[in-house]
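Each chain is listed here by its residues.
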Amino acid sequence: MALELKWDPAPSDWNDALRAVYAVYRWAPWFALGLAVLSVVLLFAGQPVPGGFGLICAAVIVALPVLGVRSQFRRNPVAAATVTATVDSQSFRMMTIDGTAYTDLRWQTIAGWVETKHNFVLRTGEAALFPVPGRAFGTQEDLDGFRDLLKDQLGDPSKH
């Protein structure tokens, strides 16, 4: 049984995938929050320069990952192209509708997977990520079937 998927990629898909896989993306907002709290304490203690600097740094720490992904997304002409995918017991094949990009991932080349609130994230190694958003599935049965296929082919989701 082959599963047919289709979606329009969004920067939020990549942000979600990076947070799921890399701890630095996942913990950056919490680190920024801690820095902001300490900066506010400095402001109330009569230290406006270090307090203000800390607040600016906290804002940069929160914004940098999101802005970085959006910037990369805009620079890459293929990134926002509509994607179609066919998934079966042999592989996961993705192609942009205009044909500019094609990927055929055999299950044995995929190192692991993670399910987030919005995406499935397939990893082929240390750097390569393939986010598959939940909106790519036509029905809940398709989504459940994809999850079951991932479990059958790759085992349980990776810990993140």
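The shown structure was predicted, so the numbers you read here are calculated from the model rather than taken from an experiment. (Residues numbered from 1 in each chain as written. Predicted model: local features only at pLDDT ≥ 70, side-chain atom pairs only at ≥ 80, totals over all residues. Heavy atoms only, no water.)

Focus on the confidence of the model for the chain
- Across the chain, the average pLDDT comes to 90, with 98% of residues at or above 70.
- Taking the mean pLDDT of every element in the chain, the minimum, 88, falls on strand β4 (residues 102-106) and the maximum, 95, on helix α2 (residues 23-44). (pLDDT = per-residue confidence, 0-100. Helix = DSSP H or I, 4+ residues; strand = E, 2+ residues; numbered from the N terminus.)

Section: the pairing of β4
- In terms of strand pairing, strand β3 (residues 91-96) meets β4 through five bridges, oriented antiparallel. By the bridge assignment, methionine 95 is partnered in β4 with tyrosine 102.
- The hairpin turn running from β3 into β4, its antiparallel successor, is five residues long, and glycine 99 in that turn takes a positive phi close to 80 degrees. (Pairing = 2+ DSSP bridges.)

A short note on helix α1 (residues 11-21)
- Three or more residues of α1 are buried, namely Pro11, Asp13, Asn15, Asp16, Ala17, Leu18 and Ala20.
- Where α1 is buried, its residues contact α2, α3 (48-75), β5 (112-115), β6 (119-123) and β7 (129-133). (Buried < 20%, exposed > 50% of the residue type's maximum accessible area, 1.4 Å probe, protein only. Contact = heavy atoms within 4.5 Å.)

Observations regarding the pairing of strand β2 (residues 83-87)
- Most of β2 is tucked away, with four of its five residues classed as buried.
- The sheet contact formed by strand β1 (residues 3-7) and β2 spans five bridges and is antiparallel. Bridge pairing in β2 links leucine 5 to alanine 85.
- As paired strands, β2 and β3 are joined by five bridges and run antiparallel to one another.

Structural notes on the nonpolar core
- Counting residues in each nonpolar core, the largest one holds 22 residues, and the members touching the most others are Leu5, Trp7, Phe92 and Phe137.
- Taken together, the elements giving at least two residues each to this core come down to β1, β2, β3, β6, β7 and α4 (140-154).
- By residue number, the principal contributor to this core is α4, which donates four residues.
- Sequence-distant contacts of phenylalanine 92, defined by excluding residues within four places in its chain, comprise Leu5, Trp7, Ala85, Thr86, Val87, Thr103, Asp104, Leu105, Trp107, Leu122, Val132 and Phe146. (Core = buried A, V, L, I, M, F, W, Y, C linked by side-chain atoms within 4.5 Å.)

Focus: the sheet that holds β6
- Taken in spatial order, the three strands make up an open sheet running β5-β6-β7, and their pairing is antiparallel. Two strands in the sheet have a free side with no partner beyond their single neighbour: β5 and β7. If you compare each strand with its neighbour and ignore which way they point, the axes differ by 20 degrees on average.
- Here five bridges tie β6 to β7, and the two strands are oriented antiparallel to one another. (Axes fitted to C-alpha atoms, helices over the stretch in contact; angles between N-to-C directions.)

Looking at α4
- The end-to-end C-alpha separation of α4 is 21 Å, in line with the 21 Å expected for 15 residues at 1.5 Å each.
- Restricting attention to buried positions, one finds in α4 the residues Leu143, Phe146, Arg147, Leu149 and Leu150. For α4, the arc enclosing every buried residue in end-on projection is 160 degrees, short of the 170-degree limit, so these residues lie on one face. Opposite the packed face of α4, turned more than 90 degrees from it, sit the exposed residues Glu141 and Asp152.
- For α4, the secondary structure elements touched by its buried residues are β1, β2, β3, β5 and β6.
- A positive phi of about 90 degrees marks glycine 155, the residue just after α4. (Expected span 1.5 Å × (residues − 1). Arc of directions from axis to C-beta.)

Quick look at a nonpolar patch on the surface
- A cluster of nonpolar side chains, Trp27, Trp30, Leu33, Val37 and Val41, forms an exposed patch at the surface whose accessible area comes to about 570 Å².
- Note that valine 41 resides in helix α2. (Patch = residues over 30% accessible without salt bridge, like charges linked within 9 Å, V, L, I, M, F, W, Y side chains within 5 Å. Areas by Shrake-Rupley, 256 points an atom, 1.4 Å probe, with all protein chains shown as cover. Salt bridge = Lys/Arg side-chain N within 4 Å of Asp/Glu carboxyl O.)

Considerations on the sheet that holds β2
- Taken together, the four strands give an open sheet; going across it, the order is β1-β2-β3-β4, and neighbouring strands pair in antiparallel fashion. Strands with a single pairing partner mark the edges of an open sheet, and in this sheet they are β1 and β4. Between one strand axis and the next, the sheet turns through 15 degrees on average, direction left out of account.

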